[in-house]
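Residue-level structural notes
Below are the chains, spelled out letter by letter.
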There are 2 protein chains.
Amino acid sequence: MMELAKRRGFIWPSFEIYGGVAGFYDFGPLGALLKNKIIQKWREYYVIKEGFFEIDSPNVMPEEVLKASGHVNHFVDAMVECQKCGAAFRVVDLSREQTGKDIEGMPKEEMNQFVKKHRVRCPNCSGELGKIFDFNAMFRTAIGPGSQRVGYLRPETAQGIFIDFKRLQRHARGKLPFGVVQIGKGYRNEISPRQGIIRLREFTMAEAEVFFDPDDSHHPKFSELAGEQLRLWLAGDQQHGKEKLTEVMAGEAVKQKLVCNELMAYYLALTKRFLLDLGIPGEAIRFREQTPGQRAHYSSETWDAEVSTERFGWVEVAGLAYRTDYDLSRHAQFSKEDLTIFSAGKNKKVICHVVEPSYGIDRPLYCMLEHSYVSEKKRKYLRLKKEFAPIEVGVFPLLNRDRMPEKAREVHEALRAGGLMAEYDDSGSIGRRYARADEIGTPYCVTIDHQTLEDDTVTIRNRDDTSQVRVGISGLANTIIDLIRGCS
Amino acid sequence: MMELAKRRGFIWPSFEIYGGVAGFYDFGPLGALLKNKIIQKWREYYVIKEGFFEIDSPNVMPEEVLKASGHVNHFVDAMVECQKCGAAFRVVDLSREQTGKDIEGMPKEEMNQFVKKHRVRCPNCSGELGKIFDFNAMFRTAIGPGSQRVGYLRPETAQGIFIDFKRLQRHARGKLPFGVVQIGKGYRNEISPRQGIIRLREFTMAEAEVFFDPDDSHHPKFSELAGEQLRLWLAGDQQHGKEKLTEVMAGEAVKQKLVCNELMAYYLALTKRFLLDLGIPGEAIRFREQTPGQRAHYSSETWDAEVSTERFGWVEVAGLAYRTDYDLSRHAQFSKEDLTIFSAGKNKKVICHVVEPSYGIDRPLYCMLEHSYVSEKKRKYLRLKKEFAPIEVGVFPLLNRDRMPEKAREVHEALRAGGLMAEYDDSGSIGRRYARADEIGTPYCVTIDHQTLEDDTVTIRNRDDTSQVRVGISGLANTIIDLIRGCS
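Helices and strands together make up the secondary structure of chain A, namely 18 helices and 26 strands. For 488 residues, the compact-globule estimate of 2.2 N^0.38 gives 23 Å, and chain A sits close to it at 26 Å. Each of the three principal axes of chain A carries a C-alpha extent, and together these read 75 × 65 × 55 Å. Looking at chain A as a whole, 61% of its 488 residues qualify as buried. Restricting to contacts in chain A with at least 6 residues of sequence separation, those with at least 24 account for 67%. Just so you have it, chain A exposes about 19,400 Å², and 47% of that area is on carbon and sulfur atoms. The average position of the 70 basic charges and that of the 69 acidic charges among the side chains of chain A differ by 3 Å.

Spelled out as structure tokens, the structure:
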């Protein structure tokens, strides 16, 4: 599948002609189309349906912001260097690769003992490893000439939202809860990333911050999702080494106090809906509760939405954190601004609490590709949901003569004018062309043949069952748009 | 207008609660909506109509790439420090501010003489300025632990395209010319930016690279734009101090050799069309040919598309550069990869040439706001083209009683479900609500009144002439979508 993804222009290693740099990937022409569609779907969920505000703030941030947010102190990777060759690694990765065990969140002293006990070694030269130490995972830079003003590339888009809280709250005109999203790049200067597109140094995130009165964590539309079934892997079960998943409805999860509040449960359910909508099968989705040691410094409860993959096992595709009043309190303290609101419940000024549904975009994209890849004896194809197919329709002249190419070009132009991502292909046999279209998940292919020249009809071939129907050219774009909408 | 833009959530100074950092702006909820619409329109031009491939590559780039591209040596700002207080400035900015003269592109020795002759001083303390020196304007960082691997934030998105040329050319299956675009952040570590949103350290760009056989610079659809009238400010006229603009059709501009080739002329015309489509008036658009001293190191001919503004004078919103084979040749040389193609014309291997239409997104957004701002005696409003209005329709209950709010909420939900960015507002008099909607350019406002409760009709009020019509609730979303499409 990765070979296909590279060959056909979904995902390319970045800086390839210079030997590549680990942790960076390009999205090629098909990958960028797919990525834009995922982002658009996410906006549909959060900006249109939830009615959240979207903002767009810089990737470069001055040090003050990230000192206040705790990232200068806490956004660190436990790192280890080989005593022999000097290569540096993330100790959690090495341990997982060499022992199969996850030591994320383990205290540093225990990690040292773990490495010793399990004889974790340098994967390059088998040398012994030194003591574990912290490495700040933010890319550092300087703003302006000289190095007076330290800056970092943002580790998350969320901080750009928190520091705008006053203006955003005014924009919301006092209404609570209100949500704000940002879609953009986040950065993590990984030590030696070795999991391809799963562990990127630069990634696209879509984050939502839901601000609410700590006395009122209700979601106005909770009833719509309260019945959604969630598969939870509770922290307690993980700590006791149990693989057991707890299946429970979102409403029940709140009542049983498995989930901190209604807002969190609502967004867990919405996340499940979103992943299903991307075409991820329900049985490949679970929510893993982070154990206290695994949680980020700002969170009092975190759920990782995970998708099962063949290549990388369970992959975290979204994290839902209860950030409490941590961020706003810290920014209020460091900036000396009043970031309180008036709480009707408490009849006094309070600091808003925050529930944060934070999504990766690159990882779900990878999961969609893997889960849609079908390799049958006769043919290989991507069973992407039709609305996500990067190329929506292929247009083929049956033969390269008898005015068929000209006619096919006309059809191609008309489909593009109708808003469809159409691709013209006249190279090789019709079978080869269907195969090429299948491979990138194109749901429909239109063929212009002899009969077309006589009666203005074409055949439409369906990717999933290879069936064909003959339809009129007039209104073809709408015919295909209806097919994509109706059968996806 | 800037006060309005800040107050209503278009543009906010970044990191405001920490005192702000020059050269960084946030797009608030309305600004982000508008920005996304501009990007979407740009995609319509370049990805859908021109059929260019879009890719998405990292913001962080390793030094090798930017050494090859020439940016490590040439992407520099002429800088000067105050001898008294140590403050640093871009000498071109200081000179423009204090003398009104543009010395961009002047050799360094002449700049030194200019500063002396015109007594350009430190704007902070009036101290004398030191010698002019070069400052590399890229943000520098390190990739991975230690500082072994130097990286920079990309100064343009274009390099991500050039280094993928081999894969892209395969994707285009040998077809020439072919175009590739990238939309994303670009960075310039300005010395002391003081022109607000016009001179940003981090900005959004939309760049297109058109690869062509140097023997064939024809555009297949040139005839469609050959008649487009262009207003050119030729380099020769600038050098002779003449303000004269040359008005000429795109086709004529090629024939008279005012413009290097047909591709360049085509994209000049397309840029004009795009700017008109954004709502910039034709008389506020001109194309300024850069003089040899002003051109970037990679360009043999550059046209700046400029828009006239009240606040900042003529503002460059796009740059169209004939990059020749510079970038591909350099990358071939530095990476030792074969980046040639087979030219049918020359019957041998050649390196593709490139014409680059490169657009800013932030600056056109500013220009749209300024050009659409109407301040009349009776009211102020943004006469944005309707399709660009961030909020497309306001929904108001006439009174906050008699089931009007409930009915209005229903209408609001139905409009959002119909894909419209609708905003509910029940605060203050109807007049106040119209005024608030006018101020942010909302083209239509729907009011739910007593009659609505009886016959399911509402009034739609038009922003531009404040006229009102009464229509049925059923199909309201489509009614408004048609109004936005038809009357924009």
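There is more to say after this.
All names here are of chain B. Those residues of helix 18 (residues 476–486) that fall on the buried side of the exposure criterion are Leu476, Ala477, Ile480, Ile481 and Ile484. Buried residues of helix 18, viewed axially, fall in a sector of 135 degrees; they line one side. Turned more than 90 degrees from where helix 18 packs its buried face, Asp482, Arg485 and Gly486 sit exposed.

A word on the sheet that holds strand 14 (residues 285–289) of chain A. All names here are of chain A. With mixed pairing, the nine strands of this open sheet are ordered in space as 3-10-11-19-16-15-14-12-13. Two strands close off the open sheet at either side, each with one partner strand: strand 3 (53–54) and strand 13 (246–249). Against the sheet, helix 2 (residues 29–49) makes contact with strand 3, strand 10 (178–187), strand 11 (202–212) and strand 19 (353–360), and its axis sits at roughly 160 degrees relative to strand 10, the strand it touches most. Helix-sheet contacts for helix 14 (residues 362–372) involve strand 11, strand 15 (301–309), strand 16 (313–324) and strand 19, and the interaxial angle to strand 15 is about 30 degrees.

We now examine the relation of the copies chain B and chain A. What relates the two chain copies is a rotation about an axis together with a slide along it. Turning chain B through 180 degrees and shifting it by 0.0 Å along the axis lays it on chain A, with an RMSD of 0.0 Å. Considering both components of the superposition, the chain copies are consistent with a two-fold axis. Scanning chain B for the C-alpha nearest the rotation axis identifies B:Thr141, at a separation of 2.6 Å. Counting the interface residues of chain B, we find that 99% of their copies in chain A are interface residues as well, pointing to one common contact surface.

Looking now at the pairing of strand 5 (residues 76–81) of chain B. Residue and element names in this part refer to chain B. Sheet topology note: the strand 5/strand 7 (residues 133–136) ladder contains four bridges and is antiparallel. Residue pairing for strand 7: Asp77 is matched across the bridge by Phe135. With three bridges connecting them, strand 5 and strand 6 (residues 88–90) associate as antiparallel partners. Bridging from a neighbouring strand, Glu81 pairs with Ala88 of strand 6. Hairpin connection between strand 5 and strand 6: a loop of six residues separates the two successive antiparallel strands, and Gly86 in this loop has a positive phi of roughly 80 degrees.

Residue and element names in this part refer to chain A. All chains considered together, the criterion is met by 38 aromatic pairs over all chains. Members of the aromatic cluster, joined through ring pairs, are Trp42, Tyr45, Tyr46, Phe52, Tyr266, Tyr267, Phe274 and Tyr359. When the ring centre of Phe75 is taken as origin, the NZ or CZ atom of Arg188, which lies over that ring, is 4.6 Å away. Lying over the aromatic face of Tyr298, Arg323 brings its terminal NZ or CZ to 3.4 Å of the ring centre.

Contact residues are listed per partner, giving 78 residues for chain B and 77 residues for chain A. Summed over both sides, the interface between chain B and chain A buries roughly 6,200 Å², with carbon and sulfur atoms accounting for 57% of that surface. Per-residue buried area on chain B facing chain A is highest for B:Ile17, B:Tyr18 and B:Arg167; these three make up 13% of the total on that side. Viewed at the interface, chain A and chain B are joined by seven salt bridges. Linking chain B with chain A are 30 residue pairs in polar contact (both at pLDDT 80 or more). Here the element with the most residues in the side of chain B that touches chain A is helix 2 (residues 29–49) of chain B; it accounts for eight residues. For the side of chain B that touches chain A, a count of residues per class yields 36 nonpolar, 17 polar and 25 charged.

All names here are of chain B. Taken in spatial order, the three strands make up an open sheet running 4-9-8, and their pairing is antiparallel. The open sheet is flanked by strand 4 (60–62) and strand 8 (140–143), the only strands paired with a single partner. Mean inter-strand twist for the sheet, computed between neighbouring axes without regard to direction, equals 45 degrees.

Right, let's talk about the domain arrangement of chain A for a bit. Residue and element names in this part refer to chain A. Taken as a whole, chain A is organised into domain 1 (2–73 + 138–370), domain 2 (76–136) and domain 3 (391–485). Relative placement of domain 1 and domain 3: their C-alpha centres are 40 Å apart. Between domain 1 and domain 3, the contact holds seven residues from the first and six residues from the second. Carbon and sulfur atoms make up 57% of the surface buried where domain 1 meets domain 3, a total of about 580 Å² over both sides. By the criterion of area lost to domain 3, the three top residues of domain 1 are Arg8, Leu30 and Leu33, representing 60% of everything that side buries. For the pair domain 1 and domain 3, the number of links is three salt bridges. Residue Arg8 is joined to Glu439 by a salt bridge in which the shortest nitrogen-to-oxygen separation is 2.9 Å.

Residues and elements named next belong to chain B. On the secondary structure map, Leu34 appears in helix 2. Residue classification places Leu34 among the buried positions, given a relative accessible area of 0%. Remark: the alpha-carbon pair of Leu34 and Ile55, spanning 21 residues in sequence, is separated by 22 Å. Among residues more than four places away in sequence, those in contact with Leu34 are Phe10, Leu365, Met368, Leu369, Phe388 and Pro390.

We now examine the pattern of salt bridges. If you walk through the whole model with that rule in mind, you get 96 salt bridges over all chains. In this structure, A:Lys37 and A:Glu392 form a salt bridge, with 2.8 Å as the shortest nitrogen-oxygen distance. Remark: A:Glu392 occurs in the loop between strand 21 (380–382) and strand 22 (393–397) and A:Lys37 occurs in helix 2; sequence separation between them is 355 residues. Residue A:Lys37 shares its accessibility class with A:Glu392, and that shared class is buried. Residues B:Lys385 and B:Asp277 are paired through a salt bridge, measuring 3.3 Å at the closest nitrogen-oxygen approach. With B:Lys385 in the loop between strand 21 (380–382) and strand 22 (393–397) and B:Asp277 in helix 12 (residues 262–278), this residue pair connects regions lying 108 residues apart in the sequence.

Rules of the game
- Residues numbered from 1 in each chain as written.
- Chains lettered and ligands numbered in written order.
- Predicted model: local features only at pLDDT ≥ 70, side-chain atom pairs only at ≥ 80, totals over all residues.
- Heavy atoms only, no water.
- Helix = DSSP H or I, 4+ residues; strand = E, 2+ residues; numbered from the N terminus.
- Rg over C-alpha atoms; globule rule 2.2 N^0.38 Å.
- Buried < 20%, exposed > 50% of the residue type's maximum accessible area, 1.4 Å probe, protein only.
- Contact = heavy atoms within 4.5 Å.
- Areas by Shrake-Rupley, 256 points an atom, 1.4 Å probe, with all protein chains shown as cover.
- Lys, Arg positive; Asp, Glu negative; His and termini not counted.
- Charge placed at Lys NZ, Arg CZ, Asp CG, Glu CD.
- Arc of directions from axis to C-beta.
- Pairing = 2+ DSSP bridges.
- Axes fitted to C-alpha atoms, helices over the stretch in contact; angles between N-to-C directions.
- Least-squares fit on C-alpha atoms with pLDDT ≥ 70 in both.
- Phe/Tyr/Trp six-rings, centres within 6.5 Å; stacked < 30°, edge-to-face > 60°.
- Lys NZ or Arg CZ within 6 Å of the ring centre and 35° of its normal.
- Buried area = accessible area lost by both parts, 1.4 Å probe.
- Salt bridge = Lys/Arg side-chain N within 4 Å of Asp/Glu carboxyl O.
- Polar contact = N/O pair within 3.5 Å; in protein donor to acceptor, adjacent residues only side chain to side chain.
- Nonpolar A, V, L, I, M, F, W, Y, C, P; charged D, E, K, R; others polar.
- Domains from an automatic or database assignment.

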